[in-house]
Structures are given as C-alpha cells and as structure tokens.
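Observations on the three-dimensional arrangement
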Amino acid sequence: MRLSAYFMPTLKETPAEAEIVSHRLMLRAGMVRQASAGIYSWLPLGFRVLKKIEQIVREEQDRAGAQEVLMPTIQSADLWRQSGRYDAYGAEMLRIEDRHGRDMLYGPTNEELITDIFRTSVRSYRDLPRMLYHIQWKFRDEVRPRFGVMRGREFLMKDNYSFDLDYEGAKKSYNKMFVSYLRTFARLGLQAIPMAADTGPIGGDLSHEFIILADTGESEVFCHGDILDFDGLGEGIDYQSDLEPVVQAWTKLYARTDDKHDPAVFEREVPAEKRVQRRGIEVGHIFYFGTTYSEPLKALVATPEDESVAVHMGSYGIGVSRLVGAVIEASHDEAGIIWPEAVAPFKVGLINLKVAAADCSKACEEIYAKLQEAGVEVLYDDRDERAGAKFAEMDLIGLPWQLVVGPRSLDKGLVELKRRAGGQREEVSLETALARLTG
Ligand code: 5CA
C-alpha cells in the first residue's frame, strides 16, 4: 500500500478526550473515529488489526474443535422472556420495537439464541458434544463507556457455547476453551492470566477471567507472581487428550479478581515476596452454567437410558475489539505503538527519504515490488515530506520493521533496517534487507 493513497488520518495533537494511552494512540494513528459515545468506526489501519486478531481467535477456536456460525445482532425479546433475562438485564440492554410493535433487542450476548438453535435441532446424546461460536458485534448500553474501544457500547465479541450431556462432559469442553484461550492470547503476544472470577449476569458457578496486567486496567487483581512466568503456548496440545492437568497447573496458584479475592487466603497461600496486586484488563471470560438456560428454554436431549435431560452448557467470550486496545496498552513507548508481528497492520514500513531523487525512488519501487511479490505486507511512504515527519509517523503507527532508503546510504549500496521494538538500526545491503524481511 502506498501511503500517498492510503486513508490514514493521523493527528498531530493528543486528543483531549482520551484518558488512556491506547485510546490516544488509536485516535492519533487514525485507526478509529468515534461515531457517538462508545461507538466507533474502524478506519483502514485499525480495521486491519481488528481482522488479524479476529483471525487468530478463529484459528484457535477451530483448532479446539469449535464450529463457526453467524447469529444476527438483532434478537426477538420472546426468547429472553422465556429465560427470564428480559427484565433482569435492565438498562444495559438496547430495546427496539419493530414496525409491527414487536419487542426486539440488540444482542448483548447470545445464550438464549444459541440455545434456541440447539433445542430445535438436537435430540440425542449421540449428537453431543458440540461447540458453536460466532464473532459478532454486541451492544451493551454501558453506564460509562470509556477508554475508547476498551469499554465500548458496541463492541466485537467472539462468543462460544458448549453443549454436553453432563457435568463431566461440560468440564472437558470448559478445559478445551481454557487451553485455547491460553494459546490465543500467547499468539497475540500477550501474557494473559486466568483468574477465578464472578459470573455476573451470565450466571453459573465455575468461571475464569483472562487478565492482562496493566495500570490502566479496570479490574483489581491478585495473584501469585510465579504465574507471570508460565508459557501459554505450551507444547503440542492435543485437544482429544485429558486437559485437566494443564488446567490444574494454571489454577493451583492463587489468582483472583477482586470479587473473588480473599485476603486471608492470599496471605496464607502466597509468600509475601510473591504477592502481586495489580490492575488488569479482562480480555476473555469463560463460564460453566450447567442448565441455567437449557431448563427454562427446554433444551432437552435423550440419554443412553432414554431419559430426557436438560443439556449442560458453558459460554466463552473474548473481547476482540477490546484486544486492539489491550495489545497497545501492553506494547508501546513514548513515540507510539509497537505492534507484535502477529497482529501488525503491515509488517514493514518502507520510507523513501528523498522522493525527488530518481535513484531513491527507483530503489524503493523495486523493494516495494519484491516485498509484495514475496507476500510481505508493506506500507510504502512515497510522500514528499520531511524525513523527521516520516520517521515520527512510522514510529507512531508502530509497524515491526522500518526500511529506510536515503541518498547517502544508497550511494554505498546500503539501506537502513530498523526494528521498531528496541529501536536497533543496521545498515545492510538491499539483498540482505530483503532476505531478512521475506525470510
Ligand atoms: N456470554 C458470555 C461469554 S460468551 C459473555 O458475554 N461474557 S462477558 O460479558 O464477560 O463478555 C466477554 C468479553 O467481552 C469480556 O471478557 C470482554 O473482553 C469483552 N467485553 C465485555 N464488555 C465489553 C465492552 N463494553 N467493551 C468492549 N469489550 C467488552
């Protein structure tokens, strides 16, 4: 992509309304624009990151055996009346009336709708287990939308729902999602810690939040410091194997959000020098809630003994749009964003320092073509701007690599390769630069 043609409305000034760094940087880098309170439009640069995160989430859901569906954003109130949540959800639910006077709503979550799909199609234990997920916009009329996409009113969520015959089966599904979340966040370059959590309006009694430690996080969390060294990717997870030992290893040390925190247990179980008390961002939340929805909605299956029982369910959410902000909170410096390679909008920023010089532009065009041929995503700054402005903008948008082509180095057949993380610069030949970036 040529920057001269790219829609990336960056801002020089720091927007006054943005309280935290990720919100400031997303606005300054031209990634999003606020449409109204807590509702955002995604501009090309931000949209690319959102799609990359979505894709990693999708791959890890599929790997764990879940199947993707797509449910609508608008739901009928009837189902929610059957589950009893229509009134209970309160002012957070955006209620809509259609032209026929029917009560509709913009879905804040999908337990009811997926249970309805299930109950009309599945009758027997033979069709279990199943895990169905979708990646869809949700709406919650938050009292205080803030921090940009971190606490929006409209936000993109991956929500998965599991169906099993009994608790044992449901726990296996829960474990699959637990491990899949560890992998997902690790692939995004994040250290997410599973913490015992409250279930809130979703209900149920077994629940973990996945938390990224950050001073700007909204939750207060407490954990044993050793968990911070655990590796989320693990080695060759087989989803058909018993995952309970992996889950045990991650949950045996103290890690709780403030709703579940117990100072006496914390002090008893965690030595003073290992006690971590920090703020955190909730990027995922998993729940086992048994028959909370299947009973009122009558999602029943026949057991091998031909009894009819309510199916055991769990639900598993990831805040896909929140993650864009969370990654920035975890990875930035004074100059701007530092994207982990897996989610970077482009891998390389190619900077032409002297557009007017024929040799510079020729070299850049050649590099640009070669990188594209090799399938490397490259943003080519071909604008006639001051070098300082170009460097500042590249640092702001945080692409992992910068390839700088200027007349002085080019005379010696060299270009400069800069790693955004750490800032190391190296003068190398064109061939070496290309080999590094395409390798
Ligand atoms: N149905 C369950 C699981 S599928 C559910 O809705 N869980 S949740 O309420 O915890 O939301 C799942 C994830 O969505 C959260 O962990 C968080 O990362 C994200 N999320 C929740 N509310 C918002 C919001 N207002 N803005 C951005 N992301 C949000």
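Let us look at the structure shown here. (Residues numbered from 1 in each chain as written. Predicted model: local features only at pLDDT ≥ 70, side-chain atom pairs only at ≥ 80, totals over all residues. Heavy atoms only, no water.)

Section: the overall build of the protein chain
- Within the protein chain one finds 13 helices and 23 strands.
- Over its C-alpha trace the protein chain gives a radius of gyration of 25 Å, about what one expects of a compact globule, namely 22 Å for 439 residues.
- Oriented by its inertia axes, the alpha-carbon framework of the protein chain measures out at about 80 × 60 × 40 Å.
- With 439 residues in all, the protein chain has 55% of them scored as buried. (Helix = DSSP H or I, 4+ residues; strand = E, 2+ residues; numbered from the N terminus. Rg over C-alpha atoms; globule rule 2.2 N^0.38 Å. Buried < 20%, exposed > 50% of the residue type's maximum accessible area, 1.4 Å probe, protein only.)

Focus on the sheet that holds strand β20 (residues 378–381)
- Taken in spatial order, the five strands line up as β20-β19-β21-β22-β23 in an open sheet, and their pairing is mixed. Either end of the sheet is taken by a strand with one partner, and the two such strands are β20 and β23 (425–429). Averaged over all pairs of adjacent strands, the angle between their axes in this sheet comes to 25 degrees, without regard to strand direction.
- Bridging between strand β21 (residues 401–405) and strand β22 (residues 414–419) involves four bridges; their strand directions are antiparallel. Its bridge partner lying in β22, Leu-403 is registered against Leu-417.
- Packed on one face of the sheet, helix α13 (residues 430–438) meets β19 (348–352), β21, β22 and β23 and runs near 115 degrees to β23. (Pairing = 2+ DSSP bridges. Axes fitted to C-alpha atoms, helices over the stretch in contact; angles between N-to-C directions. Contact = heavy atoms within 4.5 Å.)

Here we look at the pattern of salt bridges
- Overall, the coordinates contain 37 salt bridges when judged by the stated rule.
- Residue Lys-52 pairs with Glu-377 through a salt bridge whose shortest N-O separation is 2.5 Å. Here Lys-52, found in helix α2 (residues 44–63), pairs with Glu-377, found in the loop between α10 (358–373) and β20; they are 325 residues apart in sequence, far enough to count as distant.
- Taking relative accessible area as the criterion, Lys-52 reaches 19% and is therefore assigned buried.
- Given a relative accessible area of 32%, Glu-377 falls into the partly exposed group.
- Among the ionic pairs, Arg-63 bridges to Glu-60, the shortest N-O distance being 3.1 Å. (Salt bridge = Lys/Arg side-chain N within 4 Å of Asp/Glu carboxyl O.)

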